[in-house]
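Coordinate inspection notes
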2 protein chains.
Amino acid sequence: MKIRHNTIVKFAIVALVFTIFSCEKEAETVSDNKKSTSTSQQHPNLILTVQGVKDIRAQLGNIPIFDNTLKVVQEEIDAEIAAGIETPIPKDYSGGYTHVRHKRNMIVLQKAGVLYQILDDEKYAKYVKDMLMQYEEMYKTLPLHPKTRSYARGKLFWQCLNDSNWLVYVSQAYDCIYNYLSEEERNKLETNLFRPFADHISIDSPQFYQRVHNHSTWGNAAVGMIGLVMNDEELIDRALYGIKDLKLDTKEKDDDGGFLNKDGKAGFLANIEEPFSPDGYYNEGPYYQRYAMYPFLVFAEGLHNVKPELKIFEYKEGVLLKSINALLNLSDADGDFFPLNDGQKGMSYYNSALVTAVDISYHFGEQDPGLLSIATAQDRVLLDDSGLAVALGIKNRKAKPFDKKSINLSDGPNGTQGGVGILRNEDIELVFKYAAQGSSHGHYDKLSYSLFEKGEEILQDYGLARFVNIEQKGGGNYLKENKTWAKQTIAHNTLTQNETSHFNAKYEIGSQNHSVLHYFSSENENVQVASAKEVNAYPGTEMLRTMAIIKDEDFEKPYMLDIMKVVSNKANQYDFPYYFLGQVVTTNFEYKTPETLKTLGSKNGYQHLYVEGTAKTTADNTKFSWLNKGKFYSLTTVSNTNDEILFTRIGANDPAFNLRREAALMVRRKNTKNTLFVSTIEAHGSYSPVSESAVNSNSSIKELKVVVNTEDYTAIAITNVNGITKLFITANKDASKEATHTLKINDVNYTWKGGFTFQKIN
Amino acid sequence: MKIRHNTIVKFAIVALVFTIFSCEKEAETVSDNKKSTSTSQQHPNLILTVQGVKDIRAQLGNIPIFDNTLKVVQEEIDAEIAAGIETPIPKDYSGGYTHVRHKRNMIVLQKAGVLYQILDDEKYAKYVKDMLMQYEEMYKTLPLHPKTRSYARGKLFWQCLNDSNWLVYVSQAYDCIYNYLSEEERNKLETNLFRPFADHISIDSPQFYQRVHNHSTWGNAAVGMIGLVMNDEELIDRALYGIKDLKLDTKEKDDDGGFLNKDGKAGFLANIEEPFSPDGYYNEGPYYQRYAMYPFLVFAEGLHNVKPELKIFEYKEGVLLKSINALLNLSDADGDFFPLNDGQKGMSYYNSALVTAVDISYHFGEQDPGLLSIATAQDRVLLDDSGLAVALGIKNRKAKPFDKKSINLSDGPNGTQGGVGILRNEDIELVFKYAAQGSSHGHYDKLSYSLFEKGEEILQDYGLARFVNIEQKGGGNYLKENKTWAKQTIAHNTLTQNETSHFNAKYEIGSQNHSVLHYFSSENENVQVASAKEVNAYPGTEMLRTMAIIKDEDFEKPYMLDIMKVVSNKANQYDFPYYFLGQVVTTNFEYKTPETLKTLGSKNGYQHLYVEGTAKTTADNTKFSWLNKGKFYSLTTVSNTNDEILFTRIGANDPAFNLRREAALMVRRKNTKNTLFVSTIEAHGSYSPVSESAVNSNSSIKELKVVVNTEDYTAIAITNVNGITKLFITANKDASKEATHTLKINDVNYTWKGGFTFQKIN
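Because the structure is a prediction, the values reported are computed rather than measured. Within every chain, residues take consecutive numbers counted from 1 along the sequence as written. Written order determines the labels here, with chains lettered from A and ligands numbered from 1. Reporting of local features is limited, given that this is a predicted model, to residues whose pLDDT is at least 70; pairs of side-chain atoms are given and counted only at 80 or more, and all residues count toward the totals for whole chains, interfaces and linings. Think of the side-chain values as coming from all heavy atoms in the structure, minus any hydrogens and water.

**Topic: the overall build of chain A**
Put simply, the rule is: Each helix is a run of H or I in the DSSP string that is no shorter than four residues. Each strand is a run of E no shorter than two, and both are numbered from the N terminus. Radius of gyration means the value over C-alpha atoms here, while the globule rule gives 2.2 Å times the residue count to the 0.38 power. The classification of residues rests on relative accessible area computed with a 1.4 Å probe and restricted to protein chains. Under 20% of the type maximum is buried, over 50% is exposed, and intermediate values are partly exposed. In what follows, a contact means two residues having at least one pair of non-hydrogen atoms within 4.5 Å. In short, Shrake-Rupley with a 1.4 Å probe defines the accessible areas, and a residue's cover is counted only from the protein chains shown. By the counting scheme adopted, Arg and Lys are positive, Glu and Asp are negative, and His together with the chain ends is not counted. All charge positions are set by atom: Lys at NZ, Arg at CZ, Asp at CG, Glu at CD.
For chain A, the count of helices and strands is 18 helices and 26 strands. Expected size for 762 residues packed as a compact globule is a radius of gyration near 27 Å; at 28 Å, chain A falls within 12% of this value. Burial statistics for chain A: of 762 residues in total, 63% are counted as buried. Pairs at least 24 residues apart make up 67% of the contacts formed inside chain A by residues separated by at least 6 positions. On chain A, roughly 27,800 Å² of surface is accessible, and the fraction owed to carbon and sulfur atoms is 50%. Distance from the positive charge centre (84 side chains) to the negative charge centre (95 side chains) of chain A: 3 Å.

**Some thoughts on the sheet that holds strand E4 (residues 448-453) of chain B**
Residues and elements named next belong to chain B. Keep this limit in mind: Pairs of strands are assigned from DSSP output, requiring at least two bridges between the strands. Orientation is described by axes fitted as lines to C-alpha atoms, over the contacting stretch for helices, and by angles from 0 to 180 degrees between their N-to-C directions.
The strand order across the open sheet formed by five strands is E1-E2-E3-E4-E5, and the pairing between neighbours is antiparallel. The open sheet has two free edges, formed respectively by strand E1 (407-410) and strand E5 (456-459), since each of these has just one partner strand. Strand-to-strand twist across the sheet, computed as the mean angle between neighbouring axes with direction ignored, equals 20°. Pairing geometry for strand E3 (residues 428-434) and E4, over six bridges, is antiparallel. Counterpart to Val-431 in the pairing with E4 is Ser-450.

**Examining the relation of the copies chain A and chain B**
Rules: Overlaid copies result from least-squares superposition on C-alpha atoms, with residues included only where pLDDT is at least 70 in both.
Of the two same-sequence chains, chain A is brought onto chain B (RMSD 0.1 Å, axial shift 0.1 Å) by a rotation of 180°. Both chain copies can therefore be described as sitting about a two-fold axis. Taking C-alpha positions as reference, the residue of chain A nearest the rotation axis is Leu597(A), located at 2.4 Å.

**Quick notes on the interface of chain A and chain B**
Defined as follows: Two parts placed together each lose some accessible area under a 1.4 Å probe, and the buried area is that loss summed for both. Whenever a carboxyl oxygen of Asp or Glu lies within 4 Å of a side-chain nitrogen of Lys or Arg, that contact is scored as a salt bridge. For this analysis, a polar contact is any N or O atom pair within 3.5 Å, provided that within protein one partner can donate a hydrogen and the other can accept it, and provided that sequence-adjacent residues contribute only side-chain to side-chain pairs.
Tallying the contact residues gives 50 residues for chain A and 49 residues for chain B. The contact between chain A and chain B buries some 4,100 Å² in all, and 52% of this surface belongs to carbon and sulfur atoms. Run the count over chain A and chain B and you get two salt bridges. Its salt-bridge partner being Glu612(A), residue Arg661(B) comes within 3.3 Å of it at the nearest N-O pair. The interface formed by chain A and chain B includes 19 residue pairs in polar contact (both at pLDDT 80 or more). Looking at the side of chain A that touches chain B, the elements that each hand over two or more residues are helix H12 (286-306), strand E12 (583-587), strand E13 (609-616) and strand E16 (644-650) of chain A. The greatest single-element share of the side of chain A that touches chain B, amounting to four residues, is contributed by E12(A).

**Some details on the nonpolar core**
Basically, it comes down to this: In plain words, nonpolar cores are sets of buried Ala, Val, Leu, Ile, Met, Phe, Trp, Tyr and Cys residues tied together by side-chain atoms within 4.5 Å.
Counting 128 residues, the largest nonpolar core has Leu132(A), Trp166(A), Tyr174(A) and Phe194(A) as its most contacted members. With 13 residues, the top contributor of residues to this core is H12(A). Ignoring any residue separated from it by four or fewer positions in sequence, one finds Trp166(A) in contact with His102(A), Met106(A), Leu109(A), Tyr135(A), Leu156(A), Phe157(A), Leu193(A) and Phe197(A). In this structure, Ile77(B), Tyr124(B), Phe208(B) and Ala300(B) belong to the second largest nonpolar core, which totals 127 residues.

**Let's talk about the packing of helix H3 (residues 64-83) of chain B against helix H16 (residues 385-395) of chain B**
Two quantities define a packed helix pair, namely the angle between the axes and the distance from one axis to the other. Residues and elements named next belong to chain B. This is how it is decided: Oblique is the label for every angle not falling under 35 degrees (roughly parallel), over 145 degrees (roughly antiparallel), or within 65 to 115 degrees (roughly perpendicular). Residue type decides the class: Asp, Glu, Lys and Arg count as charged, Ala, Val, Leu, Ile, Met, Phe, Trp, Tyr, Cys and Pro as nonpolar, and the leftover types, Gly among them, as polar.
Two numbers describe how H3 lies on H16: the axes approach to 7 Å, and their chain directions differ by 130°. Taken together, the axis directions place H3 and H16 in an arrangement best described as oblique. Contact residues: H3 offers Pro-64, Ile-65 and Phe-66, while H16 offers Gly-387, Leu-388, Ala-391, Ile-394 and Lys-395. Residue composition of the contact of H3 with H16, by class: six nonpolar, one polar and one charged.

**Let's talk about the confidence of the model for chain A**
We apply this condition: The pLDDT value expresses, per residue, how confident the predictor is, ranging between 0 and 100.
In the predicted model, chain A carries a mean pLDDT of 93, and 94% of its residues have values of at least 70. Contacts for the low-pLDDT stretch residues 1-40 of chain A, under 50 throughout, to residues beyond four places or in other chains number 36 contacts.

This is how it looks when you write it as structure tokens:
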């Protein structure tokens, strides 16, 4: 008891000293009537805290991953210091010299600031100060950026978005050297650089700032973070709640076709409210979540430190931390994010924003040891309090594997606007998208899916049509093929009716609709099912898609079963593509290949597809096998009489070679009202060019058959090459966990509880 | 001295004991008048020796890489033993069940035999015996294999080649259990299985056996190895020198279009003489050398052990061991062999034949420590005397990196039939082929090249059109597109004249010709040059190609300079393709893309190319940049007025999707007699989809200019973006190392010694 008492006393003394110290500092700095009366005026206080810096300094040399990160950053910044400061007059689009330089500077400033705090070496503070003063000198007379393409032009960059990125990072640098600067210097910077900078991206650019969008999140965070450093309540309020008393035209659109501000909501809190579902799914998908994540978390960290009373990490039932878990689960076995909506392939949890996310989630969340294994893979940590926590966790051998399981993530602010279901078994991952539109970055791909094996695509989602930051490719921005191809329905593994896209590819309509979960079941690890319905994409047509990943002892690997039930009030043409990658191995049908390649259609994405082969189905099942990266895959699909089979290849009407020349097999069914597309995809065997041995290169399925298809039930019989038949029955109406079903097939009664059953036929 | 004396005495006693032991064994086994009177009748004596087995047993548990290999093999064979023996009646082509099973059995037998020797566990010997007896039972009444496609049908397999593979392995197994078997058992096996088996692949199949070809090498080794075990001098002679007194029709051809036996040579020694150049280059290229390597080396090992008087490893100045060094140098940074001629991409020094090659080269060669680093990467060793030597070398930390340098490998039995030059600097590798035809697996690709960066293709050689051992793709055999596309000149990075292939793609002509080295220089590491001449591919047209890899301080990475000088007696159309991989980034010319894709031509490979874009040159230089696997590349080529530029894509007239849909940029120059194609290829910068940053994405070359082009000299000025100009001058006639040259350009005298000079212009 005595010891504890002593400790408390000591703590109180320390606190007292701090308070005095803090007050002294405050006395120095509060020279402006905009300043609040908050007592938390110590610096640093955003991502680093005074106590955190002490702790870090005490542990240095004893926390390997932190020490290594520090060493790398120090070498990087020392080299930059040696190279000298450059702040060129803004001129270029993304990828161009001035763009790249200013982008680089913001990172360098942030890192130099942190180095000053951790290493207590004034050369870093001086470097930050010198560069900031150069910016101050330039900025005070800087006009709008000369490039005119953006709906919201910045000053340092061609768009406000990049200016906001800059301020989010530079706020941290400023925080780190705040106490190093004289009051006069701070006034100069705040008056001529930071305040007008924050105003430009907010008050002067409401079409950018005043909305719910990842762009605005950056804007909000930028204004808020500089507000926290400057202790400027007005800016902090503007960050949290948007520009006061401003209403925008709710019908105006941005460059990407999204509404500027449909419902008038704005500010950081609205940007947490709206795009995140209660499960933490971000409506634009993981690629943009990754991008938005950094300002969400780094500003939240700052708010947590400066305004703990806001309880930002508990906001909306802790959605910010939940969203990190959702995001990590939206990555494949290699850590690459599933390229839903406008997603650039290859973006992964190795991105620096995810270092922030993982470290913050660990530190401010529940110290999930799985996060430590990802941090270990990332091989670096934040150079701040949360990075220290992670480094200590790893050092103390607390890391465990991050176990990605099957997961259903609801979409929409209240979790009622569809979602994304991920089914995982062994190395197979199925990503089934039945979400809402996904804001302006959404694709018209209701009930679409992609399939992965060990991080390699089996059936791909195309992703976006853009070479982000490669200036030679359309300035590194969205290419027109993003709209004409990547967003169109036919670019996805789902149903296209009458060669038109869902919602006629109209954002106004798409953004008002979403698919609906029918059921999701991952309790039985061997048979996991996700089922969802879409009734608005094509008015008069209902689509119910039920997808299962089945682990059957008679199959080498888990296989996918796909049942797309279509009910329409009129006859239509249905196109049902499979975007495979790799080399054709075999088919069970004869096909013709044309000598000249023509396009499949003239619009809605069809103008980008060449027809490389055509066939008519003859057998009850259409079979197709292919080889990709040393693995065999087989599609078996139930044929209708007169189904057409098309081999297509992307790349037509692509005058700047913006599209990848990748293939699909497509089933086309004409003049049909109600119908059923039933398919399996098997991953099997392997081929090694080193041993030149082909193992298990054939499908294990002998027959796929529809045995029942009523309004209430669909039953599929899957017979393998050994003649063993299994029956999969899904309930098309009441699929609740509690519902009991009985269905008689060939005089046998099948009884089960819940949405589906999978049984051997005796 | 006393100690040494003692050692000698001990050794003599041991030798005496062995001799007695050996004689006893001989007394037991020599029961047949075909047996020779050689004294080396101990078993094992092929890849294992009695002494070797003793040494291995003594070291077991103490030689990690050997122990690990042994463990893996033991687990593998134990599982096979548990699964039971299967020797199905032969029925299938490559990839089919019976083919795969018998192929598997030969490996399993060999390994089980070795395990018996090393572990001294009779269960392995019994397993080998039981399986051999099943083969004996089947073979004695076995007809020709039912599949008829081969020019030389086997019995276990559809072609004698595979039967020979089988006997090469199974001889080793028989050797290992020789002493375990009773004389009666041995007689049964030899009389009903081994002797008729050896006769079938030789005497009964002279069109397969009696020639210089990799197939025959297998046949020779098979007959020779079983001969060594059976101590059958007749078989050994047949192996070494071919079938006695047999002459074949010199004009007949095999399945691949190669002559069966043009000059009457045959037997193992002829198969060493002919295909290997004195530098160890194998005329069919590395892919087939890898395949042929195993029988060459394993039979040589057996000969070395049983008939040391033959000095097989010294034969033709040690060419067998030299060839291993050549082969390792014919691999890229990842160990993948350059796909010259009919080569399947991805084959690498991780193939088991290369484990044999590396271990034997180390053991019987000069214990090059570089080989130990490759063995370490292979992560396994032979379970024999040479594997023991390697394992001990690694254990004793003798391994050093295998340093691949620039190398010129002559082709032809006497090294006078052209060759292959490899220029390496940092991560860039240029493979320049100016060789002879390459036997029946050769391509019509005189003066062609491919270019690599760190094991990734910058400009590719297509390789073969075949899916080796994938039964669904034409039985796993050569596809017709191998002849119609892969072998044709237009499929390669070289000059095609008037849309015809070199030598009109006629093997009879191609095989009588070869290109000629002009000069090769790798002394100056910064400027390495290979230059060669071809005068026969197109009668009346001479091509002199000079290729350099230049490391210039003003460039990020070494770049390639390519000067193709063409002199003809008439006007022609010249097509000059660049088979790049990846995405188009930018061009300095305007191009049109057609809406429907048509073929570029109707024959000679042109029928397989679609035209995806067309342009006319307007600038003095044509520039083109692309992005592949996160790296940028740029081509700069000197334009003539009215050069056409074509974007092509492989895949037309490919009715079974056998070809990869890959691209090229092609320069077409019409109605031209003499001309010069001058190009640079730069590798530069990088792009990461994780950081989304594009670094150094532009070419560093401002201008490429021909300043002199006479019969004697060609001079190229390369001006970089900073305006610095360097001059590369190559001597087109006398390029000897000693020759001194002086050339006046713009009143400046340039003087140098040797084939070329590279200097800054002041």
